Amino acid sequence: MTKINGLVMHGFKSFAKRTELIFDNKFNVVLGPNGSGKSNVLDALCFVLGKRSAKSLRAEKAANLIYNGGKSKTPSKHAEVSIIFDNSNKTFPIDSETIKVTRIINQSGQSVYKINDKRHTRQQVLDLLALGKINPDGYNIILQGDITNFVNMPPIERREVLAEIAGISIYE
Ligand code: ATP
Ligand code: MG
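Owing to the predicted nature of the structure, the values given are computational and were not obtained by experimental measurement.

**Student:** Can you walk me through the overall build of the protein chain in this structure?
**Tutor:** Check the secondary structure of the protein chain and you find 4 helices and 6 strands. Rg of the C-alpha trace for the protein chain: 17 Å, near the compact-globule value of 16 Å for 172 residues, within the 12% margin. Its C-alpha atoms give the protein chain principal-axis dimensions of roughly 50 × 45 × 30 Å. Total accessible area on the protein chain is roughly 11200 Å²; 54% of this is exposed by carbon and sulfur atoms. Measuring between centres, the 24 positive side-chain charges of the protein chain sit 8 Å from its 16 negative side-chain charges.

**Student:** Where do I start with the site of ligand 1 in this structure?
**Tutor:** Neighbouring residues of ligand 1: 15 residues in total, closest G35, K38, S39, N40 and I66. Within the contact set of ligand 1, a nitrogen atom lies 3.3 Å away from a backbone nitrogen or oxygen of K13. At 2.9 Å, a backbone N or O of N64 approaches a nitrogen atom of ligand 1. Here ligand 1, which alone exposes 660 Å², has 68% of that area covered by the protein.

**Student:** Quick question: what am I supposed to make of the packing of aromatic side chains here?
**Tutor:** Aromatic ring pairs: the centre-centre distance and the angle between the two ring planes describe each pair. Applying the stated criterion across every chain, the model contains 2 aromatic pairs. Where F85 meets F92, the ring centres are 5.6 Å apart and the plane angle is 50 degrees; that geometry is what we call tilted. Classification of F85 as buried rests on a relative accessible area of 1%. Assessed through its relative accessible area of 0%, F92 is described here as buried. Lying across the ring of F150, R158 places its NZ or CZ 5.9 Å from the centre.

**Student:** What should I look at first to understand the sheet that holds strand β5 (residues 111-115) in this one?
**Tutor:** Hydrogen bonds between backbone atoms are what pair the strands of a sheet, whose relative direction is either parallel or antiparallel. Spatial strand order, β2-β1-β3-β4-β5-β6: 6 strands in an open sheet with antiparallel pairing. Edge positions in the sheet fall to β2 (19-22) and β6 (118-120), since each of these pairs with one other strand and no more. Ignoring which end each strand starts from, the neighbouring axes of this sheet average 20 degrees apart. Across the sheet, helix α1 (residues 38-48) is in contact with β1 (4-10), β2, β3 (78-86) and β4 (98-106); its angle to β1 comes to roughly 100 degrees.

Reading the values: rules and limits
Residues numbered from 1 in each chain as written. Chains lettered and ligands numbered in written order. Predicted model: local features only at pLDDT ≥ 70, side-chain atom pairs only at ≥ 80, totals over all residues. Heavy atoms only, no water. Helix = DSSP H or I, 4+ residues; strand = E, 2+ residues; numbered from the N terminus. Rg over C-alpha atoms; globule rule 2.2 N^0.38 Å. Areas by Shrake-Rupley, 256 points an atom, 1.4 Å probe, with all protein chains shown as cover. Lys, Arg positive; Asp, Glu negative; His and termini not counted. Charge placed at Lys NZ, Arg CZ, Asp CG, Glu CD. Near = heavy atom within 4 Å. Polar contact = N/O pair within 3.5 Å; in protein donor to acceptor, adjacent residues only side chain to side chain. Phe/Tyr/Trp six-rings, centres within 6.5 Å; stacked < 30°, edge-to-face > 60°. Buried < 20%, exposed > 50% of the residue type's maximum accessible area, 1.4 Å probe, protein only. Lys NZ or Arg CZ within 6 Å of the ring centre and 35° of its normal. Pairing = 2+ DSSP bridges. Axes fitted to C-alpha atoms, helices over the stretch in contact; angles between N-to-C directions. Contact = heavy atoms within 4.5 Å.

Here you go:
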């Protein structure tokens, strides 16, 4: 299993200032009152893993992922999120104890991806993540509303989801 050491957000949605979350080994929970940014943390996670559609990150357009300054503060020029993976068991074929993946988005909606601070393409990031069995659209990330959708979907569709999770649909 790939372990996440931390998540750093800067200028992403409500996180104007650099905000670092440190993850423990077992179980981690983000708590806070309504509107405090809990779901934004999950959006940041999906964002840095390369999720493309702004809508699935709960934004109308990509630029809305950038801190907007609220009513009276200065908006950010770009949003930056980094995720740090533990690589002590060499899950990723890079000679370093930790792997940092970064995604930065600017006001025109363009993204820049980095691996350990060096610029890479999105595909290179996705290929690297795949080695750790990480997929931003995978079913190991359960988002708000996913369970309700799963319960309400027609049985055939539900079966397709199960086949996908079981890993048998690629053989069809
Ligand atoms: P709930 O408990 O209601 O689910 P939550 O803790 O999940 O709340 P979020 O949805 O993560 O809350 O955060 C909502 C807040 O994020 C809102 O106050 C919204 O204004 C703010 N927000 C979203 N996008 C931006 C942005 N681009 N710039 C600044 N603030 C933003
Ligand atoms: Mg929420």
